[in-house]
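Here is what each chain is made of, one letter per residue.
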Amino acid sequence: QVQLVESGGGLVQAGGSLRLSCAASGTIVSINAMGWYRQAPGAQRELVATITSGGSTNYADSVKGRFTISRDKVKNTVNLQMNSLKPEDTAVYYCNANIRSGLSAYLNYWGQGTQVTVSS
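Definitions and limits used
Residues numbered from 1 in each chain as written. Predicted model: local features only at pLDDT ≥ 70, side-chain atom pairs only at ≥ 80, totals over all residues. Heavy atoms only, no water. Helix = DSSP H or I, 4+ residues; strand = E, 2+ residues; numbered from the N terminus. Buried < 20%, exposed > 50% of the residue type's maximum accessible area, 1.4 Å probe, protein only. Contact = heavy atoms within 4.5 Å. Areas by Shrake-Rupley, 256 points an atom, 1.4 Å probe, with all protein chains shown as cover. Lys, Arg positive; Asp, Glu negative; His and termini not counted. Charge placed at Lys NZ, Arg CZ, Asp CG, Glu CD. Pairing = 2+ DSSP bridges. Axes fitted to C-alpha atoms, helices over the stretch in contact; angles between N-to-C directions. Salt bridge = Lys/Arg side-chain N within 4 Å of Asp/Glu carboxyl O.

**Quick look at the overall build of the protein**
So, step 1. Check the secondary structure of the protein and you find zero helices and eleven strands.
So, step 2. Mapped from its N terminus to its C terminus, the protein presents α and β elements in the order β-β-β-β-β-β-β-β-β-β-β.
So, step 3. Here the C-alpha coordinates of the protein stretch approximately 50 × 25 × 25 Å along the principal axes.
So, step 4. For the protein, the proportion of its 120 residues judged to be buried stands at 40%.
So, step 5. A separation of at least 24 residues holds for 56% of the contacts in the protein among residues at least 6 apart in sequence.
So, step 6. Here the protein has roughly 6200 Å² of accessible surface; of this, 48% comes from carbon and sulfur atoms.
So, step 7. Side-chain charges in the protein split into 10 positive and 6 negative, and the spacing between the mean points of these groups amounts to 8 Å.

**Describing the sheet that holds strand β1 (residues 2-7)**
So, step 1. Judged by pairing direction, the sheet is antiparallel, and its four strands sit side by side in the order β1-β3-β8-β7 without closing on themselves. In the strand order of this sheet, the two ends are held by β1 and β7 (67-72), each with one partner. Looking at each pair of strands side by side, their axes are set apart by 15° on average, direction ignored.
So, step 2. When strand β3 (residues 18-26) meets strand β8 (residues 77-82), the two strands line up antiparallel, connected through six bridges. The residue of β8 that forms the bridge with Leu18 is Met82.

**Some remarks on the pattern of salt bridges**
So, step 1. In total, this model carries four salt bridges according to the counting rule given.
So, step 2. The partner of Lys64 in a salt bridge is Asp61, and the shortest N-O contact between them spans 3.1 Å.
So, step 3. The salt bridge partner of Arg66 is Asp89, with a shortest N-O separation of 2.8 Å. With Arg66 in the loop between β6 (57-59) and β7 and Asp89 in the loop between β8 and β9 (91-100), this residue pair connects regions lying 23 residues apart in the sequence. Asp89 carries the same exposure label as Arg66, and that label is buried.

**Quick notes on the pairing of strand β11 (residues 114-119)**
Residues in a regular strand point their side chains to alternate faces of the sheet.
So, step 1. Burial of β11 is one-sided: the residues Thr114, Val116 and Val118 facing one way are buried, the residues Gln115, Thr117 and Ser119 facing the other way are not.
So, step 2. Inspection of the sheet shows strand β2 (residues 10-13) paired to β11 by four bridges, in the parallel sense. If you follow Leu11 over to β11, its bridge partner there is Thr117.
So, step 3. Note that β9 and β11 share three bridges and pair antiparallel. Opposite Val92, over in β11, you have Gln115 as the bridge partner.

Shown next, in the form of structure tokens:
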């Protein structure tokens, strides 16, 4: 069984910073891409940032220059450093990872989500 557990959400004023972390645990053979998505009330879930096993990153245009994604391949963690936060960044943030567990093929896993609220 594979689990993704997020931490680090909270309430912050506009212009502030937060750091989200996500740890993958369980029977893990290898992890392909990892990433962060978010879902605001009444909106669809959208990509925030992804990082491949080789370290290549991809960001949504709305967060480029403000957010930085990183991962620790030894600890099976992925982090999202969020700076210069704006009220429109308010959402539930979900960790995502493409993981091979045991003899299975790679499957997509999601964390439970962590709330980020940015006040104006």
